[in-house]
Amino acid sequence: MSVIENQMKLGRELFEINTHVARRMTEITGEAIKQYFEANQDFAKRLTEVRDVTSFMDLQREYGQTLYNGVTERMQTRGEVLKEAVERGGEAMRDAFSAAQEAAETVVEEAAA
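The structure reproduced in this document is the subject of the present report.

What counts, and where the lines are drawn
- Residues numbered from 1 in each chain as written.
- Predicted model: local features only at pLDDT ≥ 70, side-chain atom pairs only at ≥ 80, totals over all residues.
- Heavy atoms only, no water.
- Helix = DSSP H or I, 4+ residues; strand = E, 2+ residues; numbered from the N terminus.
- Rg over C-alpha atoms; globule rule 2.2 N^0.38 Å.
- Buried < 20%, exposed > 50% of the residue type's maximum accessible area, 1.4 Å probe, protein only.
- Contact = heavy atoms within 4.5 Å.
- Areas by Shrake-Rupley, 256 points an atom, 1.4 Å probe, with all protein chains shown as cover.
- Lys, Arg positive; Asp, Glu negative; His and termini not counted.
- Charge placed at Lys NZ, Arg CZ, Asp CG, Glu CD.
- Core = buried A, V, L, I, M, F, W, Y, C linked by side-chain atoms within 4.5 Å.
- Axes fitted to C-alpha atoms, helices over the stretch in contact; angles between N-to-C directions.
- Parallel < 35°, antiparallel > 145°, perpendicular 65-115°, else oblique.
- Nonpolar A, V, L, I, M, F, W, Y, C, P; charged D, E, K, R; others polar.
- Expected span 1.5 Å × (residues − 1).

### As for the overall build of the protein chain
Line of reasoning, step 1. The helix and strand tally for the protein chain stands at two helices and zero strands.
Line of reasoning, step 2. Relative to its length of 113 residues, the protein chain is extended, with a C-alpha radius of gyration of 26 Å against a globular reference of 13 Å.
Line of reasoning, step 3. Each principal axis of the C-alpha distribution contributes one length, and for the protein chain these read about 90 × 20 × 10 Å.
Line of reasoning, step 4. Residues classed as buried in the protein chain amount to 17% of the 113 residues present.
Line of reasoning, step 5. Within the protein chain, counting contacts between residues at least 6 apart in sequence, those at least 24 apart form 70% of the total.
Line of reasoning, step 6. Of the roughly 8600 Å² of accessible surface on the protein chain, a fraction of 59% belongs to carbon and sulfur atoms.
Line of reasoning, step 7. In the protein chain, the 14 positive side-chain charges and the 21 negative ones have mean positions that sit 9 Å from each other.

This is the structure we're talking about:
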């Protein structure tokens, strides 16, 4: 494979990685918005059942914990997506440059002969 073909392959692989990351991040955000609205609806319904300050504080604490857990989970998921993308990108770069190195060594050997 020529150097230009290797670089084109690298460009395609990086584009595919970026496309996957963008798609996955959009999915995660969509899921987050859906869960946020569902949590708000659930806690709004439960708020009508509150009759004293203690139960209000318990409900508020549970609501805050639910939101916190959701944000934490999504941040972890996003981190995993990015970690995978960096690993795949690094592998693509190593493959491209090792192929370029091999091509350069072949040219040097042919020129020396």
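After that view of the structure, there is still more to cover.
### With respect to the nonpolar core
Line of reasoning, step 1. Of all hydrophobic cores here, the largest spans six residues; its members are Ile17, Val21, Met25, Ile28, Val81 and Ala85.
Line of reasoning, step 2. At four residues, the largest contribution of residues to this core is made by helix α1 (residues 3-47).

### So, the packing of α1 against helix α2 (residues 53-112)
Line of reasoning, step 1. Relative to each other, α1 and α2 sit at 175 degrees, their axes nearing to 10 Å. With respect to each other, α1 and α2 are oriented roughly antiparallel.
Line of reasoning, step 2. In terms of residue class, the contact of α1 with α2 is built from 25 nonpolar, eight polar and eight charged.

### Remarks on α2
Quick reminder: α-helices carry 3.6 residues per turn. Residues three or four places apart thus point the same way.
Line of reasoning, step 1. For α2, with 60 residues, the first-to-last C-alpha span of 87 Å sits near the 88 Å given by 1.5 Å per residue.
Line of reasoning, step 2. Burial in α2 covers these residues: Leu59, Tyr63, Gly70, Arg74, Val81, Ala85, Gly89, Ala92, Ala96 and Ala100.
Line of reasoning, step 3. In this structure, the buried residues of α2 make contact with α1.

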